[in-house]
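Structural characterization, general
Chain residues, written in single-letter form:
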There are 2 protein chains.
Amino acid sequence: MPTDTPAPQSKGEQTRALILETAMRLFQERGYDKTTMRAIAAEAGVSVGNAYYYYEGKEFLIQGFYDRMTREHAVEARTRMAGRTDFAERLQIALESWVDCAAPYHEFAAQFFRTAADPDSALSPFSNESHPARTCAVAIFREVIDGSQLGPKLDPELEELLPDLLWLHLMVVVLYWVFDRTEDTERTRAFITRCAPFVAKLVSLSRYRVFRPLVRDAVDMIQDFVLPTIGKAAPAPKPAPTATPAKRKRPAKD
Amino acid sequence: MPTDTPAPQSKGEQTRALILETAMRLFQERGYDKTTMRAIAAEAGVSVGNAYYYYEGKEFLIQGFYDRMTREHAVEARTRMAGRTDFAERLQIALESWVDCAAPYHEFAAQFFRTAADPDSALSPFSNESHPARTCAVAIFREVIDGSQLGPKLDPELEELLPDLLWLHLMVVVLYWVFDRTEDTERTRAFITRCAPFVAKLVSLSRYRVFRPLVRDAVDMIQDFVLPTIGKAAPAPKPAPTATPAKRKRPAKD
DNA sequence: GAAGCCACTTGAACATGTTCAAAAACAGGT
DNA sequence: ACCTGTTTTTGAACATGTTCAAGTGGCTTC
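One structure accompanies this document, and this report is about it. A quick note: this is a predicted structure, and the numbers were derived from the prediction, not measured. (Residues numbered from 1 in each chain as written. Chains lettered and ligands numbered in written order. Predicted model: local features only at pLDDT ≥ 70, side-chain atom pairs only at ≥ 80, totals over all residues. Heavy atoms only, no water.)

Turning next to the overall build of chain A. A tally of helices and strands in chain A yields 10 helices and 0 strands. Walking chain A from its N terminus toward its C terminus, one meets helices and strands in the order α-α-α-α-α-α-α-α-α-α. Within chain A, buried positions represent 51% of all 254 residues. For chain A, the share of sequence-separated contacts (at least 6 apart) that also reach a separation of at least 24 residues comes to 69%. Working note: accessible area of chain A is about 12,500 Å², and carbon and sulfur atoms make up 55% of it. (Helix = DSSP H or I, 4+ residues; strand = E, 2+ residues; numbered from the N terminus. Buried < 20%, exposed > 50% of the residue type's maximum accessible area, 1.4 Å probe, protein only. Contact = heavy atoms within 4.5 Å. Areas by Shrake-Rupley, 256 points an atom, 1.4 Å probe, with all protein chains shown as cover.)

Here it is in structure tokens:
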């Protein structure tokens, strides 16, 4: 399963990595659509069929980007957050880090996004519960929370929900970013600057009496309807849906 | 530019309509991917090239579905809402109507969605300001509001924003629906049933003192960052972005 | 070493979206 | 009827993602 720079580098794994590296380079140089599978194979010095031996299709190559970017983001966000204890600030840093890490790929980000929007695709972070990128990003947001001073007094259920909520928030930012055509995605950055304090305020206010019923409603709804969809079991969902059977065509190449 | 059943039906318009009808039928029978352009052309009794004379590409044919569904939804929602005056109820009806109208197309809805997620596509309701489907849906939500008893006392800016906000809410429901794999999309229906009263409560509470600063923040943010993106000018946006030039390759076939 | 197995590799063939130069049909003016 | 320009139509050609039967090479087993 390792897609980038793991341990033993057997013959096959070397070829697999070579193809991925080449594809990533060409994607960045020419864009996704302009990069043909033939070009990737030629540039990597292998045959077209060989690329398909390791990757189920062209789309599956972008998983490489996805994974790499997520790792970069994790490192970057942790580094920049170090020492900061204000929740809004930490959140903003986490989101800005994402934009910075994703910047090189903005031009063909649409391709990522189209893939993410396809419920049939194994690459979609929505339909694939254990999507590595999702798991990693949620972990970052956990740290965003834990490193700031607001933990103890929050509603415990909300507190547990928060990392996933912030991930959803990131998804909104990503949507915004994909459609952002301004220079250096300035608009998205401004959006983040405005959002972060607002979200922080929302979280902060959730402690107060007046907001309690509202927060409870929201939390319940998300637990019942959102988390199950992205692969987390909710404590006691109402309609108790029958377990959805996993659908696979082949012995899972990647 | 009429895509369905407009007035004069000149020779060319007849062919255009024939191709669209055939495509829609085949899409429904076999699904989007399984329906080839050759099959559409053959079934319609024209040549492949002819289809491309009227439609820029395969994707552009789904615009037909989009438009038709939107019209159906408008009629359906208005009919069902008639007489109801409770905001939550009207909202729920509007959303449920959408799910009902969209039901026949659920299987290949992913295709719609992937297209909508592509910022370069002229079909995306996000990037195309005057998207007919968007305009139509927003109008429906305007009626949802106007037909219920809560108008006068709301913050006027929020009131003006609300139709677009509800449209965004619909987009969330659509996202949920696309990924919903339950029988008859029961889960989405339950989701709507839970969401509608909650949204109504939010709107209703927005009147109260305590929520005022929060509402103001949210309204400002949406006016500055969300509306401009979907093509509505905000009163006084902060960064005042330079007008984004429209990008077109050809003299706009469809 | 021969035989057999298996991971890996190949490239031609296929399927399908898309383009384009040319033909056909049509409309209007003379 | 004939010329002329425009609209519509055609189908072959093209580009590219994908498949697959066959080949290659290394390894183990006899």
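What follows covers the interface of chain A and chain B. Interfaces are often described in size by the accessible area the parts lose on coming together. At the junction of the two partners, chain A supplies 41 residues and chain B supplies 41 residues. Roughly 3,900 Å² of surface becomes buried between chain A and chain B when both sides are summed, with 68% attributable to carbon and sulfur atoms. On the chain A side of the interface with chain B, the three residues burying the most area are A:Arg114, A:Arg194 and A:Phe225, jointly 20% of the side's total. Counting across the chain A and chain B interface gives 10 salt bridges. Taken together, the elements giving at least two residues each to the side of chain A that touches chain B come down to helix H6 (109–116), helix H8 (156–179), helix H9 (186–205) and helix H10 (212–226) of chain A. (Buried area = accessible area lost by both parts, 1.4 Å probe. Salt bridge = Lys/Arg side-chain N within 4 Å of Asp/Glu carboxyl O.)

Taken as a whole and judged by the stated rule, the model has 15 aromatic pairs over all chains. Note on A:Phe211 and B:Phe211: the rings are 5.1 Å apart at their centroids and 85 degrees apart in plane angle, and the pair reads as edge-to-face. One end of the pair, A:Phe211, is in the loop between H9 and H10; the other, B:Phe211, is in the loop between helix H9 (186–205) and helix H10 (212–226), on a second chain. Across this residue pair, the class does not change: A:Phe211 and B:Phe211 are buried. Ring centres of A:Phe225 and B:Phe191 lie 5.7 Å apart, and the angle between their planes is 50 degrees; on these two criteria the pair is classed as tilted. With A:Phe225 in helix H10 and B:Phe191 in helix H9, this residue pair bridges two chains. Judged by its relative accessible area of 6%, B:Phe191 is buried. (Phe/Tyr/Trp six-rings, centres within 6.5 Å; stacked < 30°, edge-to-face > 60°.)

Near DNA strand D there are 20 residues, and of these A:Met37, A:Arg38, A:Tyr52, B:Ser47 and B:Tyr54 occur at the shortest range. Counting only atoms of DNA strand D within 4 Å of the protein, the fraction found in sugar and phosphate groups is 56%. Measuring from a phosphate oxygen of DNA strand D, one finds a backbone N or O atom of B:Ser47 at 2.9 Å. At 2.9 Å, a side-chain N or O of B:Tyr53 approaches a phosphate oxygen of DNA strand D. Only helix H2 (37–44) and helix H3 (48–54) of chain A together with helix H1 (11–30) and helix H3 (48–54) of chain B provide two or more residues apiece to the surface near DNA strand D. A breakdown of the residues in the surface near DNA strand D according to their chemical character gives 6 nonpolar, 9 polar and 5 charged. (Near = heavy atom within 4 Å. Polar contact = N/O pair within 3.5 Å; in protein donor to acceptor, adjacent residues only side chain to side chain. Nonpolar A, V, L, I, M, F, W, Y, C, P; charged D, E, K, R; others polar.)

Moving on, we get to the pattern of salt bridges. Per the counting criterion, the structure on display carries 44 salt bridges over all chains. With a closest N to O distance of 3.4 Å, A:Arg114 and B:Asp118 form a salt bridge. With A:Arg114 in helix H6 and B:Asp118 in the loop between helix H6 (109–116) and helix H7 (132–146), the pair connects residues from two separate chains. The same class applies to A:Arg114 and to B:Asp118, which are both buried. With a shortest N-O distance of 3.7 Å, B:Arg212 and B:Asp155 are connected by a salt bridge. With B:Arg212 in helix H10 and B:Asp155 in the loop between H7 and helix H8 (156–179), the pair connects residues that are 57 residues apart, well separated along the chain. Classification of B:Arg212 as partly exposed rests on a relative accessible area of 34%. Several salt bridges share partner residues, and in doing so they unite A:Glu76, A:Arg80, A:Asp100, A:Asp184 and A:Arg189 into one network.

Moving on: the packing of H9(A) against H10(B). With their axes 11 Å apart at the nearest point, H9(A) and H10(B) run at an angle of 165 degrees to one another. When the interaxial angle is binned, H9(A) and H10(B) end up roughly antiparallel. Judged by the sense of rotation from one axis to the other, the crossing of H9(A) with H10(B) is left-handed. Along its contact with H9(A), which presents A:Arg187, A:Ala190, A:Phe191, A:Arg194, A:Cys195, A:Phe198, A:Lys201, A:Leu202 and A:Leu205, the element H10(B) presents B:Leu214, B:Asp217, B:Ala218, B:Asp220, B:Met221, B:Asp224 and B:Phe225. (Axes fitted to C-alpha atoms, helices over the stretch in contact; angles between N-to-C directions. Parallel < 35°, antiparallel > 145°, perpendicular 65-115°, else oblique. Left-handed = near helix turned anticlockwise from the far one by under 90°.)

In summary, the two copies of the chain are related to each other by a rotation about an axis coupled with a shift along it. Placing chain A over chain B gives an RMSD of 0.1 Å and needs a rotation angle of 180 degrees, together with 0.0 Å of translation along the axis. Expressed as an axis order, the relation between the two copies is that of a two-fold axis. Considering only C-alpha atoms, the residue of chain A closest to the rotation axis is A:Arg114, which sits at 2.5 Å. Same-surface contact between copies: 100% of interface residues of chain A are shared with the interface of chain B. (Least-squares fit on C-alpha atoms with pLDDT ≥ 70 in both.)

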